Amino acid sequence: MKHRPVLITGFEPYGGRGTNPAHEAMKLLHRRTIAGRQVVGRGLPVSFGRFPDIAADLLHELDPSAVISLGLWPGESMIRIERIAVNIADFGIPDNEGVRAVDQLVEADGAAALMSTLPVRAMQSAILQDGIPASLSATAGTYLCNICLYSFLQAAQRHHQPVACGFIHVPYLPEQVADLLVATREQASLELHQRCDFASMSLERIVRAVEIAISQCVHEIPTN
(Lines give C-alpha, C1' and ligand atoms only; values in the text may rest on other atoms or scores of the structure.)
Protein backbone atom coordinates (compact mmCIF):
# COMPACT_ATOMS: atom_id res chain seq x y z
CA MET A 1 0.00 0.00 0.00
CA LYS A 2 1.33 3.41 -0.97
CA HIS A 3 1.69 5.75 2.00
CA ARG A 4 0.11 9.16 1.91
CA PRO A 5 2.63 12.04 2.01
CA VAL A 6 3.29 14.57 4.75
CA LEU A 7 2.63 18.14 3.64
CA ILE A 8 4.89 20.93 4.87
CA THR A 9 3.82 24.48 4.11
CA GLY A 10 5.81 27.68 4.56
CA PHE A 11 4.71 31.28 4.16
CA GLU A 12 6.42 33.53 1.64
CA PRO A 13 8.22 36.67 2.90
CA TYR A 14 5.98 39.44 4.23
CA GLY A 15 6.10 42.72 6.10
CA GLY A 16 8.92 44.09 3.95
CA ARG A 17 11.25 41.21 4.80
CA GLY A 18 13.21 39.67 1.95
CA THR A 19 13.34 36.24 3.57
CA ASN A 20 10.99 34.08 5.58
CA PRO A 21 12.76 31.19 7.38
CA ALA A 22 9.53 29.19 7.26
CA HIS A 23 9.61 29.30 3.47
CA GLU A 24 13.31 28.44 3.36
CA ALA A 25 12.83 25.44 5.67
CA MET A 26 9.90 24.22 3.58
CA LYS A 27 12.01 24.31 0.41
CA LEU A 28 14.79 22.28 2.03
CA LEU A 29 12.33 19.64 3.27
CA HIS A 30 10.49 19.27 -0.04
CA ARG A 31 10.95 15.83 -1.62
CA ARG A 32 12.80 14.37 1.34
CA THR A 33 11.85 10.99 2.74
CA ILE A 34 11.51 11.06 6.53
CA ALA A 35 10.51 8.03 8.61
CA GLY A 36 9.64 6.26 5.39
CA ARG A 37 7.23 8.96 4.19
CA GLN A 38 7.51 11.38 1.31
CA VAL A 39 7.52 15.05 2.28
CA VAL A 40 5.84 17.50 -0.07
CA GLY A 41 6.52 21.20 0.40
CA ARG A 42 4.25 24.03 -0.67
CA GLY A 43 4.73 27.76 -0.33
CA LEU A 44 1.78 29.79 0.92
CA PRO A 45 0.81 33.35 0.03
CA VAL A 46 0.41 35.92 2.78
CA SER A 47 -3.12 36.61 1.61
CA PHE A 48 -6.24 36.63 3.76
CA GLY A 49 -8.47 36.35 0.69
CA ARG A 50 -6.99 33.03 -0.43
CA PHE A 51 -7.85 31.19 2.77
CA PRO A 52 -9.63 28.88 3.55
CA ASP A 53 -9.85 27.72 -0.09
CA ILE A 54 -6.11 27.16 -0.41
CA ALA A 55 -6.13 24.69 2.49
CA ALA A 56 -9.01 22.67 1.05
CA ASP A 57 -7.38 22.68 -2.41
CA LEU A 58 -4.08 21.32 -1.07
CA LEU A 59 -5.80 18.52 0.82
CA HIS A 60 -7.73 17.61 -2.33
CA GLU A 61 -4.59 17.72 -4.49
CA LEU A 62 -2.18 15.83 -2.24
CA ASP A 63 -4.35 13.82 0.19
CA PRO A 64 -1.69 14.07 2.91
CA SER A 65 -1.81 12.09 6.12
CA ALA A 66 -0.51 15.08 8.06
CA VAL A 67 0.05 18.80 7.53
CA ILE A 68 2.69 20.79 9.40
CA SER A 69 2.56 24.46 8.50
CA LEU A 70 5.46 26.78 9.27
CA GLY A 71 5.52 30.50 9.93
CA LEU A 72 7.75 33.21 11.35
CA TRP A 73 7.21 34.68 14.81
CA PRO A 74 9.58 37.68 15.07
CA GLY A 75 11.32 37.73 18.42
CA GLU A 76 10.69 34.07 19.21
CA SER A 77 13.79 32.37 20.59
CA MET A 78 12.80 28.73 20.06
CA ILE A 79 10.65 26.34 18.08
CA ARG A 80 7.08 27.19 19.02
CA ILE A 81 4.49 24.44 18.56
CA GLU A 82 0.96 25.80 18.38
CA ARG A 83 -1.98 24.08 20.05
CA ILE A 84 -4.96 26.28 19.18
CA ALA A 85 -6.36 28.25 16.24
CA VAL A 86 -9.04 30.87 16.87
CA ASN A 87 -11.77 32.10 14.55
CA ILE A 88 -10.57 35.69 14.37
CA ALA A 89 -8.51 37.74 11.93
CA ASP A 90 -7.12 40.95 13.41
CA PHE A 91 -3.97 42.16 11.66
CA GLY A 92 -1.28 44.41 13.07
CA ILE A 93 0.03 44.95 9.53
CA PRO A 94 -1.55 44.42 6.10
CA ASP A 95 -1.07 41.15 4.25
CA ASN A 96 0.90 41.09 1.00
CA GLU A 97 -2.18 42.21 -0.95
CA GLY A 98 -2.69 45.26 1.24
CA VAL A 99 -5.58 43.83 3.26
CA ARG A 100 -5.68 44.64 6.96
CA ALA A 101 -8.42 42.62 8.61
CA VAL A 102 -9.84 44.02 11.85
CA ASP A 103 -12.08 41.90 14.08
CA GLN A 104 -13.14 39.63 11.22
CA LEU A 105 -14.06 35.97 11.40
CA VAL A 106 -11.96 33.40 9.55
CA GLU A 107 -15.12 31.39 8.89
CA ALA A 108 -18.56 32.89 9.46
CA ASP A 109 -20.13 29.66 10.66
CA GLY A 110 -16.97 28.12 12.15
CA ALA A 111 -16.17 27.10 15.69
CA ALA A 112 -14.68 29.72 18.00
CA ALA A 113 -11.47 27.67 18.24
CA LEU A 114 -9.96 24.46 16.87
CA MET A 115 -7.24 22.34 18.45
CA SER A 116 -4.16 21.06 16.64
CA THR A 117 -4.47 17.36 15.87
CA LEU A 118 -0.72 16.72 15.83
CA PRO A 119 0.99 14.96 18.77
CA VAL A 120 2.26 18.29 20.05
CA ARG A 121 3.59 17.11 23.42
CA ALA A 122 5.52 14.23 21.86
CA MET A 123 6.89 16.57 19.20
CA GLN A 124 8.13 19.02 21.82
CA SER A 125 9.73 16.27 23.91
CA ALA A 126 11.53 14.77 20.92
CA ILE A 127 12.82 18.15 19.73
CA LEU A 128 14.06 18.99 23.22
CA GLN A 129 15.77 15.62 23.47
CA ASP A 130 17.71 16.54 20.34
CA GLY A 131 19.02 19.65 22.11
CA ILE A 132 16.82 22.18 20.28
CA PRO A 133 14.77 24.62 22.41
CA ALA A 134 11.04 24.09 21.86
CA SER A 135 7.86 25.19 23.60
CA LEU A 136 4.12 24.61 23.42
CA SER A 137 2.07 27.71 22.71
CA ALA A 138 -1.61 28.46 23.34
CA THR A 139 -1.82 31.27 20.78
CA ALA A 140 -0.93 31.38 17.11
CA GLY A 141 -1.78 35.08 17.06
CA THR A 142 -4.49 36.59 14.85
CA TYR A 143 -2.53 37.03 11.60
CA LEU A 144 -2.09 34.64 8.67
CA CYS A 145 -0.43 31.87 10.69
CA ASN A 146 -3.53 31.49 12.84
CA ILE A 147 -5.75 31.65 9.75
CA CYS A 148 -3.65 28.95 8.10
CA LEU A 149 -3.96 26.60 11.07
CA TYR A 150 -7.68 27.23 11.43
CA SER A 151 -8.28 26.70 7.71
CA PHE A 152 -6.37 23.42 7.52
CA LEU A 153 -8.09 22.06 10.62
CA GLN A 154 -11.49 22.98 9.22
CA ALA A 155 -10.68 21.55 5.79
CA ALA A 156 -9.48 18.33 7.44
CA GLN A 157 -12.88 17.89 9.08
CA ARG A 158 -14.43 17.76 5.59
CA HIS A 159 -11.74 15.65 3.92
CA HIS A 160 -12.58 12.09 2.91
CA GLN A 161 -9.71 10.66 4.98
CA PRO A 162 -8.29 11.67 8.38
CA VAL A 163 -5.63 14.40 8.21
CA ALA A 164 -3.66 15.54 11.25
CA CYS A 165 -2.91 19.27 11.13
CA GLY A 166 -0.81 21.65 13.15
CA PHE A 167 1.45 24.68 13.06
CA ILE A 168 5.00 25.52 14.11
CA HIS A 169 6.35 29.04 14.51
CA VAL A 170 10.08 29.52 13.96
CA PRO A 171 12.53 32.33 14.90
CA TYR A 172 14.40 34.72 12.67
CA LEU A 173 17.56 33.48 10.99
CA PRO A 174 20.82 34.92 12.42
CA GLU A 175 21.47 36.89 9.24
CA GLN A 176 18.07 38.56 9.57
CA VAL A 177 18.90 39.67 13.08
CA ALA A 178 22.24 40.99 11.88
CA ASP A 179 20.37 43.13 9.35
CA LEU A 180 18.03 44.36 12.08
CA LEU A 181 20.99 45.36 14.24
CA VAL A 182 22.54 47.31 11.37
CA ALA A 183 19.22 49.04 10.61
CA THR A 184 18.64 49.90 14.27
CA ARG A 185 22.11 51.42 14.54
CA GLU A 186 21.71 53.42 11.33
CA GLN A 187 18.22 54.69 12.10
CA ALA A 188 19.21 55.71 15.64
CA SER A 189 15.53 55.86 16.59
CA LEU A 190 15.62 53.18 19.30
CA GLU A 191 18.24 52.00 21.71
CA LEU A 192 19.10 48.33 21.27
CA HIS A 193 17.61 47.39 24.64
CA GLN A 194 14.25 48.74 23.44
CA ARG A 195 14.04 46.07 20.75
CA CYS A 196 12.72 42.64 21.69
CA ASP A 197 12.97 40.83 18.35
CA PHE A 198 16.65 39.92 18.17
CA ALA A 199 16.39 36.18 18.93
CA SER A 200 17.37 33.80 16.13
CA MET A 201 18.03 30.17 15.19
CA SER A 202 20.05 28.69 12.34
CA LEU A 203 18.16 27.32 9.37
CA GLU A 204 19.85 23.94 9.91
CA ARG A 205 18.39 23.65 13.43
CA ILE A 206 14.96 24.78 12.27
CA VAL A 207 14.96 22.12 9.56
CA ARG A 208 16.17 19.50 12.02
CA ALA A 209 13.35 20.36 14.43
CA VAL A 210 10.75 19.97 11.70
CA GLU A 211 12.29 16.65 10.64
CA ILE A 212 11.82 15.43 14.21
CA ALA A 213 8.24 16.71 14.25
CA ILE A 214 7.50 14.82 11.04
CA SER A 215 8.96 11.61 12.48
CA GLN A 216 6.78 11.91 15.56
CA CYS A 217 3.69 12.39 13.39
CA VAL A 218 4.51 9.29 11.37
CA HIS A 219 5.08 7.20 14.49
CA GLU A 220 2.05 8.35 16.48
CA ILE A 221 -0.68 8.98 13.91
CA PRO A 222 -2.23 6.41 11.52
CA THR A 223 -0.82 7.66 8.19
CA ASN A 224 -1.76 5.11 5.51
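Notes on the structure in this doc start here. (Residues numbered from 1 in each chain as written. Predicted model: local features only at pLDDT ≥ 70, side-chain atom pairs only at ≥ 80, totals over all residues. Heavy atoms only, no water.)

1. Side note on the side chain of His 169
Argument step 1. By the secondary structure assignment, His 169 is in strand E9 (residues 164-170).
Argument step 2. Taking relative accessible area as the criterion, His 169 reaches 1% and is therefore assigned buried.
Argument step 3. Not counting residues within four places of it along the chain, the set of residues in contact with His 169 comprises Gly 71, Leu 72, Trp 73, Met 78, Ile 79, Arg 80, Glu 82, Ala 140 and Cys 145. (Helix = DSSP H or I, 4+ residues; strand = E, 2+ residues; numbered from the N terminus. Buried < 20%, exposed > 50% of the residue type's maximum accessible area, 1.4 Å probe, protein only. Contact = heavy atoms within 4.5 Å.)

2. What about the packing of aromatic side chains?
Argument step 1. Applying the stated criterion across every chain, the model contains four aromatic pairs.
Argument step 2. Taking 5.7 Å as the distance between ring centres and 45 degrees as the angle between the ring planes, the aromatic pair formed by Tyr 14 and Tyr 143 counts as tilted. Of this pair, Tyr 14 sits in the loop between strand E1 (6-11) and helix H1 (21-29) while Tyr 143 is found in the loop between strand E8 (134-137) and helix H4 (144-158), placing the two residues 129 residues apart along the sequence. There is no split in this pair, since Tyr 14 and Tyr 143 are both buried.
Argument step 3. Counting every residue linked through ring pairs, the aromatic cluster contains Tyr 14, Phe 48, Phe 91 and Tyr 143.
Argument step 4. Over the ring of Tyr 14 we find Arg 17; its NZ or CZ atom is 4.8 Å from the centre of that ring.
Argument step 5. Just above the ring of Trp 73 sits the side chain of Arg 80; from NZ or CZ to the centre is 3.6 Å. (Phe/Tyr/Trp six-rings, centres within 6.5 Å; stacked < 30°, edge-to-face > 60°. Lys NZ or Arg CZ within 6 Å of the ring centre and 35° of its normal.)

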